[in-house]
Amino acid sequence: MTRATRVRALFALAILALSTFLALTQPARLGLDLRGGTQLVLETRDSPTAEADREATDRTLEVLRRRVDALGVSEPNLSRAGDHRIVVELPGLDDPDEAAEVLGRTAQLTVHPVLGTAAPGTDAGRTAPADGSTVLPDDAGTPLRLGPAALTGAEVRRAAAEFDGQDGSGWSVGLTLHGAGERAWARLTGKAACAAPDDPARRAAIVLDHKVISSPRVETSVACGVGITGGTTRITGGFDQHAAQELALLINGGALPVPVDIVEQRAVGPTLGALAITSSAQAAVIGVALTAVFITVVYRLLGALATLALACYALISYAALLALGATLTLPGLAGFVLAIGMAVDANVLVFERAREEYAAGPRARPRTLRSALAAGFRNAFSAIADSNVTTLLAAVLLFFFASGPVRGFGVTLCIGVAASMVSALLVTRVLAECALALRPVRRRPRLTGLAGLGRVRSWLSRRRPDLMRHRRRWLALSGAALLLAGSGIAVRGLDYGVEFTGGRMVEYTTTRPVDAERARAALGTAGLDRAQVSTSGDRTLTVRTERLSAAQLTAAGRVVDELGGGAQKVRDELIGPSLGEELRRGALVALGLALVAQLGYLAVRFRWTFALSAVVAMAHDVVVLVGVFAWLGKPLDGVFLAALLTVIGYSVNDSVVVFDRVRELRGAGRGTPFPDLANTAVLQTVPRTVNTGMGAVFILAALAALGGDTLTDFALALLIGIVVGTYSSVFTATPLAVALERNGGASPRRSGRRPARRGGRPDRWDTGARV
């Protein structure tokens, strides 16, 4: 074992030991879509008396935190997002309407003297300029003229729901005042006690959010000018237990400094989250097992070691999530499973280059397995780095421009990119170098999987098809695919999800199957004539509509329950129209920036002709994928955006590998016609593309079959993207690069960016040159 290998081994052991420690000692932080609960996004807005600036949002956050604490929710999470938004996560609470009612109310409690009654029909809220009184109806509907507030909720020390069955008042809210509030209450009731018993002025009006909730009459036992002392009183008004407890909670939490609007609301039942974890775990086990078998069959001993490195990759990625305190969401879990399949790519790149290096050694002095492996790592590093950077760009854009659980996918993908580099370039290399140092392995080179070109490469070596000879044909096929996809978008239109349009989506599981048309007709009879109804699987029914009040939600649940022989609400999402428009705009910006970022990076790393070709191929993949979803009638939502940006990274990844080989061959074979170089590069990289694609396909097929409804569409989008991306890198990007080079590129003599790297000689069959 060389010194460099020992250093790598120690470094790898240190990383694995730290990852194991974190995995055993740190609990995973699951998102609400995995453990169940409610998420609310509230947006502050200006009021007539206060501006909704950053400071007001911070004060609002503190008030909401006190209200959440009073709700008794375990492990709530509240955080500010930007200057005007607050994200509230309430695990275990599956009634979003109840949470929205408590958290969204301004809860401005004031107590006013009653000056008298107003004329019938007087508009509520009218202020008289003469005495500054305000007209508000009491709980019986009588319009009262109220004087300026004598005290506010700030002077309330404590509020508690109380039950008194002796005097028949039932549930009420007891208030304990302090300081100035105690004295103000005594003055207010002392003045009211001076009025006649039947005079409305003997009452005190308790107002919550500009609504009179109680107007008790001061008892005759209270002395005029003295009032009620001791700083205690009760709010009565025919409350039940729930209403009394909610009012006490609002008063104790305090008034919001500025009003808030609920712009996003999500609720997931705990059973759905548990099912998602179970199904994703099953998909991961099956997909990784199939990938492990495949890579072991193709690369034998080194494939088995790469499988072990994949297990280390999974451990490192999981530990990184724990160390960063990242929340694992349902799309993030899918990204975690997908990244395991994508991590195969770096190993495949290295092994294919090592095979080439071993086969290309001079007969007088053939390469050893260890030198071929070292050359494989050295020559594959550029392609690995470029392909991972392009994927990382897509993941970063997803994090900044997506919202909710989909951002977790971006975080997971970023971690996966870094962990795959460590797994392939460090762990796999240490394991492979240690294995190749063993004498039994050196004596049986075919056991390693490096002493042979493989079936795909051998077939291409014998046939050596000239793919670039028919480049116009391939470009015409790509154009036809674009036309077909574009016609789907034009004819069928795009079905934007609730995230991008705004509205409400409620998902139910039923005891027996429910026909969508029958459910739509029944909901229309119940007053939801504009509801969109869809079914998936045997017992899952989804209702989508623009707005859905609490009463309509109850009616919808009753209808579905009757049709399905019993129903359970497992998902409830509400997106405000302004937020939906913002998310849709953010998605378009993310896609535009992805195109520009990839173009800029590739232009720096390669030639402008290569960069433009790769970006055109990427745009081709985007249009085809969107068109296929349009033809299938699938919704375009945040999860689809995650899949789309992943496809962008994958598409550029494939093109980068081809163009990296073109650049290398161009530096080694100056004077060779560019179409021949491009054709050779494609033939050399096809084995990598096929083997990497197969590893990802196994994972995605398992997710599509076992991952549930949400992950099925996600996996379907990625499966389509992989097939289209593989095609476009060979039959769109490369032919287009050939056309651009012939028309506007530099001459072959000046086009190479750098000479061939050491150990980077092409195979004998690559260019026809004698080695």
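Everything numeric in this text was worked out from a predicted model, so none of it was measured.

Draft legend 1. Inspection of the overall build of the protein at higher detail. Scanning the protein from terminus to terminus reveals 25 helices and 19 strands. For the protein, the residues scored as buried account for 52% of the 771 residues in total. Partitioning the contacts of the protein with sequence separation of at least 6, the portion at a separation of at least 24 is 79%. Carbon and sulfur atoms provide 58% of the accessible area of the protein, an area that totals close to 33300 Å².

Draft legend 2. Representation of the packing of helix 10 (residues 369-401) against helix 21 (residues 638-668) in the model. Here helix 10 crosses helix 21 at 160 degrees, and the two axes come no closer than 8 Å. Between helix 10 and helix 21, the interaxial angle falls into the category roughly antiparallel. Considering only the axes of helix 10 and helix 21, their crossing is right-handed. Residues Ser382, Ala383, Asp386, Ser387, Thr390, Thr391, Ala394 and Leu398 of helix 10 lie in contact with helix 21, whose contacting residues are Leu641, Ala642, Leu645, Gly649, Val652, Asn653, Val656, Val657, Asp660 and Arg663. Of the residues that constitute the contact of helix 10 with helix 21, the class distribution is 9 nonpolar, 6 polar and 3 charged.

Draft legend 3. Looking closely at the state of the cysteines. Considering all chains together, one arrives at 1 disulfide under this definition. Note on cysteine connectivity: cysteine 194 is disulfide-linked to cysteine 224, with sulfurs 1.6 Å apart. Taking the torsion about the S-S bond as the criterion, the cysteine 194 to cysteine 224 disulfide, at about 90 degrees, is right-handed. Here cysteine 194 is found in the loop between helix 5 (180-192) and strand 10 (204-208), whereas its partner cysteine 224 is found in the loop between strand 11 (212-214) and strand 12 (232-239), with 30 residues between them in sequence.

Draft legend 4. Geometry of the nonpolar core. One finds Leu373, Leu467, Leu625, Phe640 and Leu645 to be the most contacted residues of the largest nonpolar core, which totals 118 residues. Here this core takes 17 residues from helix 21, the largest share from any one element. When neighbours within four sequence positions are excluded, leucine 467 is seen to be in contact with Trp474, Asn679, Val682, Leu683, Val730 and Phe731. Counting 25 residues, the second largest nonpolar core, distinct from the first, contains Ala107, Leu151, Ala159 and Ile235.

Draft legend 5. Region of the structure containing the side chain of arginine 202. Its location among the elements puts arginine 202 in the loop between helix 5 and strand 10. For the buried arginine 202, no salt bridge is present, and the opposite-charge side chain at shortest range is aspartate 198, 8.5 Å distant. When near neighbours in sequence (up to four residues on either side) are disregarded, arginine 202 contacts Ala192, Ala193, Cys194, Ala195, Ala196, Pro197, Pro216, Arg217, Val218, Glu219, Thr220 and Val222.

Draft legend 6. View of helix 9 (residues 344-359). Taking 1.5 Å of rise per residue, the 16 residues of helix 9 would be expected to cover 22 Å, and the 23 Å separating its terminal C-alpha atoms lies within 8% of that figure. The element helix 9 is largely enclosed, with a buried count of 14 among its 16 residues.

Draft legend 7. Representation of a nonpolar patch on the surface in the model. Together, Leu599, Trp608, Leu612 and Val616 give the surface a local cluster of nonpolar side chains, amounting to about 330 Å² of exposed area. Here the element with the most residues in the nonpolar patch is helix 20 (residues 608-632); it accounts for 3 residues. Residue classification places valine 616 among the partly exposed positions, given a relative accessible area of 35%.

Draft legend 8. Geometry of a positive patch on the surface. Taken together, the side chains of Arg370, Arg439, Arg442, Arg443 and Arg444 present a region of like positive charge at the surface. The topology assignment puts arginine 444 in the loop between helix 12 (439-443) and helix 13 (445-448).

Draft legend 9. Region of the structure containing the sheet that holds strand 17 (residues 540-545). In space, the 8 strands of this open sheet follow the order 2-3-1-13-18-15-17-16, with antiparallel pairing throughout. If you trace the sheet from one side to the other, it starts and ends with strand 2 (77-81) and strand 16 (532-536), each paired once. Taken pair by pair, the neighbouring strands of this sheet meet at an average axis angle of 20 degrees, ignoring direction. Summarising the sheet, strand 1 (residues 37-44) and strand 3 (residues 85-91) pair through 7 bridges and their orientation is antiparallel. Its bridge partner lying in strand 3, threonine 38 is registered against leucine 90. Sheet strands in contact with helix 17 (residues 516-525) are strand 16 and strand 17, and its direction is about 150 degrees off that of strand 16.

Draft legend 10. Looking closely at helix 5. With 13 residues, helix 5 should reach 18 Å at 1.5 Å per residue; the first-to-last C-alpha distance of 18 Å fits that figure. Those residues of helix 5 that fall on the buried side of the exposure criterion are Gly181, Ala184, Trp185, Ala186, Leu188, Thr189, Gly190 and Ala192.

Draft legend 11. Molecular detail of the pairing of strand 9 (residues 170-177). Among the 8 residues in strand 9, 6 count as buried, and that is most of the element. For strand 8 (residues 156-164) and strand 9, the ladder comprises 8 bridges, and the chain directions are antiparallel. What sits directly across from alanine 160, in strand 9, is glycine 174.

Draft legend 12. How the structure looks around the packing of aromatic side chains. One pass over the full model with this rule turns up 9 aromatic pairs. A ring pair is formed by phenylalanine 294 and phenylalanine 698, whose centres lie 5.8 Å apart and whose planes are at 65 degrees; its orientation type is edge-to-face. Placement of the pair is phenylalanine 294 in helix 7 (residues 270-324) and phenylalanine 698 in helix 22 (residues 674-706), with a sequence separation of 404 residues. Taking 6.4 Å as the distance between ring centres and 50 degrees as the angle between the ring planes, the aromatic pair formed by phenylalanine 606 and phenylalanine 610 counts as tilted. The two residues phenylalanine 606 and phenylalanine 610 agree in class, both being buried.

Draft legend 13. Seen up close, the environment of isoleucine 384. Residue placement: isoleucine 384 occurs in helix 10. With 36 residues separating them along the chain, isoleucine 384 and serine 420 place their C-alpha atoms 9.9 Å apart. Beyond its immediate sequence surroundings of up to four residues, isoleucine 384 is in contact with Ala346, Leu349, Val350, Met421 and Leu425.

Draft legend 14. Expanded view of unusual backbone geometry. Here the phi dihedral of arginine 300 falls at roughly 55 degrees; this positive angle occurs in a residue that is not glycine. Tracing the chain through its elements places arginine 300 in helix 7. Of note in the backbone geometry, arginine 464 takes a positive phi value of approximately 45 degrees without being a glycine. Inspection of the secondary structure assignment puts arginine 464 in the loop between helix 14 (455-463) and helix 15 (471-492).

Draft legend 15. Structural detail: the pattern of salt bridges. For the structure shown, the criterion picks out 27 salt bridges. Note that aspartate 58 is salt-bridged to arginine 80, the shortest N-O span being 2.7 Å. Of this pair, aspartate 58 sits in helix 3 (residues 54-71) while arginine 80 sits in strand 2, and the two are 22 residues apart along the sequence. With relative accessibility at 28%, the residue arginine 80 sits in the partly exposed group. Taking the shortest distance from any N to any O, the salt bridge between glutamate 356 and arginine 353 comes out at 3.8 Å.

What counts as what
- Residues numbered from 1 in each chain as written.
- Predicted model: local features only at pLDDT ≥ 70, side-chain atom pairs only at ≥ 80, totals over all residues.
- Heavy atoms only, no water.
- Helix = DSSP H or I, 4+ residues; strand = E, 2+ residues; numbered from the N terminus.
- Buried < 20%, exposed > 50% of the residue type's maximum accessible area, 1.4 Å probe, protein only.
- Contact = heavy atoms within 4.5 Å.
- Areas by Shrake-Rupley, 256 points an atom, 1.4 Å probe, with all protein chains shown as cover.
- Axes fitted to C-alpha atoms, helices over the stretch in contact; angles between N-to-C directions.
- Parallel < 35°, antiparallel > 145°, perpendicular 65-115°, else oblique.
- Left-handed = near helix turned anticlockwise from the far one by under 90°.
- Nonpolar A, V, L, I, M, F, W, Y, C, P; charged D, E, K, R; others polar.
- Disulfide = S-S within 2.5 Å.
- Core = buried A, V, L, I, M, F, W, Y, C linked by side-chain atoms within 4.5 Å.
- Lys, Arg positive; Asp, Glu negative; His and termini not counted.
- Salt bridge = Lys/Arg side-chain N within 4 Å of Asp/Glu carboxyl O.
- Expected span 1.5 Å × (residues − 1).
- Patch = residues over 30% accessible without salt bridge, like charges linked within 9 Å, V, L, I, M, F, W, Y side chains within 5 Å.
- Charge placed at Lys NZ, Arg CZ, Asp CG, Glu CD.
- Pairing = 2+ DSSP bridges.
- Phe/Tyr/Trp six-rings, centres within 6.5 Å; stacked < 30°, edge-to-face > 60°.

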